[in-house]
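Notes for the structure review
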Amino acid sequence: MEPDLSKYVLEGDNTMYAGPSGLVVPVVTRAGEEVGDTGQSEGATRISGVSIQHTPATRLWFGKVSNDAGYRSVPHHHGEAETGGYVLSGRARIYFGVKFEDYLDMEEGDWVFVPPFMPHVECNLDRNKPLTWMTTRTPENLVVNLPEVSDVELPDWVDRP
């Protein structure tokens, strides 16, 4: 019996992704060639592996974020973007809710979804070791900074172990 190949028939037009040769092919960003012009924050380094800046992607940002030991972001949200994260190494905390009174902690191997327009603060819980995440956003790496809050306003931040 012949396999049913109909499920592999193209049902759309992907010609907008064609390269100079006219072929639609995967695009590889080699290690060390990632794009770093992603709006860096002091204590956080973001590199883009897949984004509109250097691939044909139009609705996806996928990159690696490294946070210095003890890093804490300013309050922010990601606009209309849905955000997914995966902790590669280290311990993370995300504050959210009214006045950032709630938080969730994560460690290596944990995944997180942050809904669009949700104000939050991202933190590296460890005072001595970096935190590394893989992060993806759709449609793009949107960041809207909000008014700062002090360390003492974040529950259990100042006196963390």
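Heads up: these notes are all about the structure in this document.

Counting across every chain of the model gives 2 aromatic pairs. Judged by centre distance (4.3 Å) and plane angle (50 degrees), the rings of tyrosine 86 and tryptophan 111 are tilted. Taken together, the residues tyrosine 86 in strand β4 (residues 82-89) and tryptophan 111 in strand β7 (residues 111-114) connect sequence positions 25 residues apart. In this structure tyrosine 86 comes out as partly exposed when scored by relative accessible area, which is 25%. The ring centre of tyrosine 103 lies 3.9 Å from the NZ or CZ of arginine 93, which sits over that ring. Arginine 160 extends its terminal NZ or CZ atom over the ring of tryptophan 157, reaching a point 3.6 Å from the ring centre.

A general tendency of soluble globular proteins is for nonpolar side chains to be buried together. Judged by nonpolar contacts, Val65, Val87, Ala92, Ile94, Met106, Val112, Val114, Leu131 and Trp133 together constitute the single largest core of 9 residues. Where this core is concerned, the elements lending two or more residues are β5 (91-96), β7 and β9 (131-138). In terms of nonpolar packing, the next biggest core, distinct from the first, is built from 8 residues, Phe100, Val121, Leu125 and Leu154 among them.

Parameters at a glance
Residues numbered from 1 in each chain as written. Predicted model: local features only at pLDDT ≥ 70, side-chain atom pairs only at ≥ 80, totals over all residues. Heavy atoms only, no water. Phe/Tyr/Trp six-rings, centres within 6.5 Å; stacked < 30°, edge-to-face > 60°. Helix = DSSP H or I, 4+ residues; strand = E, 2+ residues; numbered from the N terminus. Buried < 20%, exposed > 50% of the residue type's maximum accessible area, 1.4 Å probe, protein only. Lys NZ or Arg CZ within 6 Å of the ring centre and 35° of its normal. Core = buried A, V, L, I, M, F, W, Y, C linked by side-chain atoms within 4.5 Å.

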